[in-house]
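Inside the fold
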Amino acid sequence: NLNVPPLIIVVSSIWPPKNTIGMIEAVRVLASLGYRFRMEWYGLVEGQEKYVKQCVDRISEYEISEYIKLLPKVKNIEDKYKECDFFCLPSFYEGTPNVICEAIATGRPVICSDVCDNRIYVKEGVNGFLFNPKDCDEIVHSLIKAFKLDSNEYMKMSENSRMIAENILGETVFFNKYNDILTQD
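This text gives an overview of the structure that appears in the document. (Residues numbered from 1 in each chain as written. Predicted model: local features only at pLDDT ≥ 70, side-chain atom pairs only at ≥ 80, totals over all residues. Heavy atoms only, no water.)

**Some words on the packing of aromatic side chains**
Summed over all chains, the structure comprises 5 aromatic pairs. Between the aromatic rings of Tyr35 and Phe147, the centroid separation amounts to 5.8 Å while the plane-to-plane angle is 35 degrees, which identifies the pairing as tilted. You can see Tyr35 sitting in the loop between α1 (20–32) and β2 (38–44) and its partner Phe147 sitting in helix α6 (residues 136–147), a full 112 residues away along the chain. A relative accessible area of 22% places Tyr35 in the partly exposed class. (Phe/Tyr/Trp six-rings, centres within 6.5 Å; stacked < 30°, edge-to-face > 60°. Helix = DSSP H or I, 4+ residues; strand = E, 2+ residues; numbered from the N terminus. Buried < 20%, exposed > 50% of the residue type's maximum accessible area, 1.4 Å probe, protein only.)

**A short note on unusual backbone geometry**
Notably, Asn19 is not glycine yet its phi reads approximately 70 degrees, a positive angle. Exposure remark for Asn19: the relative accessible area of 4% places this residue in the buried category. If you check the backbone angles, Glu63 has positive phi at about 55 degrees while not being a glycine. With respect to the helices and strands, Glu63 occurs in the loop between α2 (49–62) and β3 (68–72).

**What about the pairing of strand β6 (residues 128–131)?**
Across the two faces of β6 the burial is the same, with Gly128 and Leu130 and Phe129 and Phe131 all buried. Two elements, strand β5 (residues 110–113) and β6, share 4 bridges in a ladder whose sense is parallel. Note on β6: the bridge partner recorded for Cys112 is Leu130. (Pairing = 2+ DSSP bridges.)

**Observations concerning the pairing of β5**
Looking at chain direction, strand β4 (residues 86–89) and β5 are connected through 3 bridges and run parallel. Bridge assignment links Cys88 to a residue of β5, and that residue is Ile111. Following the backbone out of β4, through helix α4 (residues 98–105) and into the adjacent parallel β5, one traces a crossover that is right-handed. (Right-handed = clockwise from strand over helix to strand, strands pointing away.)

**Section: the environment of Leu169**
Residue placement: Leu169 occurs in helix α7 (residues 151–169). When the C-alpha atoms of Leu169 and Ile104 are compared, they prove to be 9.9 Å apart, with 65 residues separating the residues in sequence. With sequence-adjacent residues up to four places away left out, Leu169 is seen in contact with Cys101, Ile104, Tyr121 and Ile164. (Contact = heavy atoms within 4.5 Å.)

Set out below in structure tokens:
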């Protein structure tokens, strides 16, 4: 069941390619529209102090610190997946995103940028929502769609995430694909 207000986590380094400022802008818009939610972004890293300061300053300027927290990376990230309602990844670029694989394996609906391999793991309206990471309105719209899910729709999306993970990432599937590669002529 959904937390009230819903909890969204992001697990990604806080630096420009991961679009932290774009997400902060979307959070500002959602807060101004009256949506209630919490976002925890796990990803403070060394070497990005200037960018992190820009992010922290913007959160303070917009007075949205009750909505979004920038936090250090944690070792017990599996617990964070289990505690959250949604997983989000607003990156401008990804390869195969391990964090999305982890989130769907935990049965979490995913709200993420429509870039690179993300569509393999996130099916629009099936187990999450996709957006253009350069378009604040699209980010906002995707989050609103997630917030408007009723409990049955949310449960179905959670089940779909887990099913997609099993179908794409399951041990047997992985073994068979690897075996096919090895046995090709």
